[in-house]
Amino acid sequence: MTNDEYIKIVKRNSNRIYLIALSYLQNHHDAEDVMQETFLKLWKTNKAFNDDEHIDKWLTVTCIHKCKDHFKSPFVKNSVSLDEAKELYTFDTTQCFDVFNAIMSLPKKERLAVHLFYYEDMQIDEIAQVLRCKPSAVKTRLHRARTHLKSILGDDWINE
């Protein structure tokens, strides 16, 4: 992989990989670290990729594994407050802000399933492979997340 190809891949995926890490870790600095580790692993790999979609999926899986590894580290710090994460985003409407708050308040497994399903447009089978669980577990996490979101946001959010 040439430098130009690598830079193009990083530019195309950096925001997406950062958001995956942030939704999993809920810490701005840790998410940046995981994002950098993910792209460093890409730079060091000798793997041949079929196309851009193959690279994107590989980066997603690598990012999730790096997030899981992060929690195994003895140097893991407590998550920052949700207020710090909110400062990173601008929202078009108050409703978008409310949905973001609700998603970030979900348990980690549910939050990640929601992010991969709705924001990364991954299928349930793909999410199950990435998370190394059964598709039924992913469906359960999504169902629980929707139930939690409905209780937090009420019925109005479904229409959006």
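**Considering the packing of helix α7 (residues 124-131) against helix α8 (residues 135-153)**
Taken N-terminus to C-terminus, the directions of α7 and α8 make an angle of 105°; their axes are 8 Å apart at the nearest point. Classed by the angle they form, the pair α7 and α8 counts as roughly perpendicular. Each of Ile-124, Asp-125, Ile-127, Ala-128 and Leu-131 in α7 lies in contact with α8, whose residues at this interface are Pro-135, Val-138, Lys-139, Arg-141 and Leu-142. Among the residues making up the contact of α7 with α8, the classes are represented as seven nonpolar, no polar and three charged.

**Overview of helix α2 (residues 28-44)**
For α2, spanning 17 residues, the distance from its first C-alpha to its last is 24 Å, which sits close to the expected 24 Å at 1.5 Å a residue. One side-chain oxygen of the residue at the start of α2 lies 3.0 Å from the amide nitrogen of His-29, identifying that residue as Asn-27.

**Some points on the pattern of salt bridges**
In the structure shown here, the tally under the stated rule is four salt bridges. For Glu-126, the salt bridge is made with Lys-57, and the minimal N-O distance between the two is 2.7 Å. One end of the pair, Glu-126, is in helix α7; the other, Lys-57, is in helix α3 (residues 52-72), with 69 residues separating them in the sequence. Given a relative accessible area of 23%, Glu-126 falls into the partly exposed group. A relative accessible area of 30% places Lys-57 in the partly exposed class. Overlapping salt bridges, with partners in common, bring together Arg-12, Asp-52 and Asp-56 in one network.

**Examining unusual backbone geometry**
Unlike most non-glycine residues, Gln-26 shows phi in positive territory, near 55°. Relative to the helices and strands, Gln-26 resides in the loop between α1 (3-25) and α2. At Asp-121, a position not held by glycine, the phi torsion is positive, near 55°.

**Thoughts on the packing of aromatic side chains**
The relation between two aromatic rings is expressed through the spacing of the ring centres and the mutual angle of the planes. Enumeration according to the criterion identifies three aromatic pairs in this entry. Relative to Trp-58, the ring of Phe-49 lies with its centre 5.5 Å away and its plane at 70°, an arrangement referred to as edge-to-face. In this structure, Phe-49 and Trp-58 share a single accessibility class: buried.

**Thoughts on the packing of helix α6 (residues 108-119) against α8**
One can describe the packing of α6 onto α8 by two numbers: an axis separation of 9 Å at closest approach and a directional angle of 100°. In terms of their interaxial angle, α6 and α8 are classed as roughly perpendicular. Here Lys-109, Glu-110, Ala-113, Val-114, Phe-117 and Tyr-118 of α6 come into contact with α8, specifically with Arg-141, Leu-142, Arg-144, Ala-145, Arg-146 and His-148. Classifying every residue of the contact of α6 with α8 by side-chain character gives six nonpolar, one polar and five charged.

Reading the values: the criteria
- Positions within a chain are numbered from 1, following the residues in the order the chain's sequence is written.
- Thresholds applied to this predicted model are a pLDDT of at least 70 for local features of residues and 80 or more for the giving and counting of side-chain atom pairs; totals over whole chains, interfaces and linings are not thresholded and use all residues.
- Derived side-chain values reflect all non-hydrogen atoms in the structure, with water molecules and hydrogen atoms excluded from consideration.
- A fitted line through C-alpha atoms represents every axis, and for helices the fit uses only the stretch in contact; the resulting angles, taken between N-to-C directions, go from 0 to 180 degrees.
- Runs of E in the DSSP output that reach at least two residues are strands. Runs of H or I that reach at least four are helices, and both are numbered from the N terminus.
- Geometric relationships in this document are graded by angle, where less than 35 degrees denotes roughly parallel, more than 145 denotes roughly antiparallel, 65 to 115 denotes roughly perpendicular, and other angles denote oblique.
- Whether two residues touch is decided by their heavy atoms; if any such pair falls within 4.5 Å, the residues are in contact.
- Note on residue classes: Ala, Val, Leu, Ile, Met, Phe, Trp, Tyr, Cys and Pro are nonpolar, Asp, Glu, Lys and Arg are charged, and everything else, Gly too, is polar.
- Multiplying 1.5 Å by the residue count of a helix minus one yields the expected span of that helix.
- As used in this structure description, the phrase polar contact means that two N or O atoms lie within 3.5 Å; if the pair is within protein, one of them must be able to donate a hydrogen and the other to accept it, and residues adjacent in sequence are counted only when both atoms belong to side chains.
- We define a salt bridge as a side-chain nitrogen of Lys or Arg found within 4 Å of a carboxyl oxygen belonging to Asp or Glu.
- Buried residues are those whose accessible area, probed at 1.4 Å on protein chains only, stays under 20% of the maximum for their type, while exposed residues exceed 50% and partly exposed ones sit between those limits.
- Between the rings of Phe, Tyr and Trp (Trp by its six-membered ring), a pair exists once the centres lie within 6.5 Å; its type follows the angle of the planes, with under 30 degrees stacked, over 60 edge-to-face, and the other angles tilted.

Interpretation note: all reported values are geometric properties and have no functional meaning in isolation.
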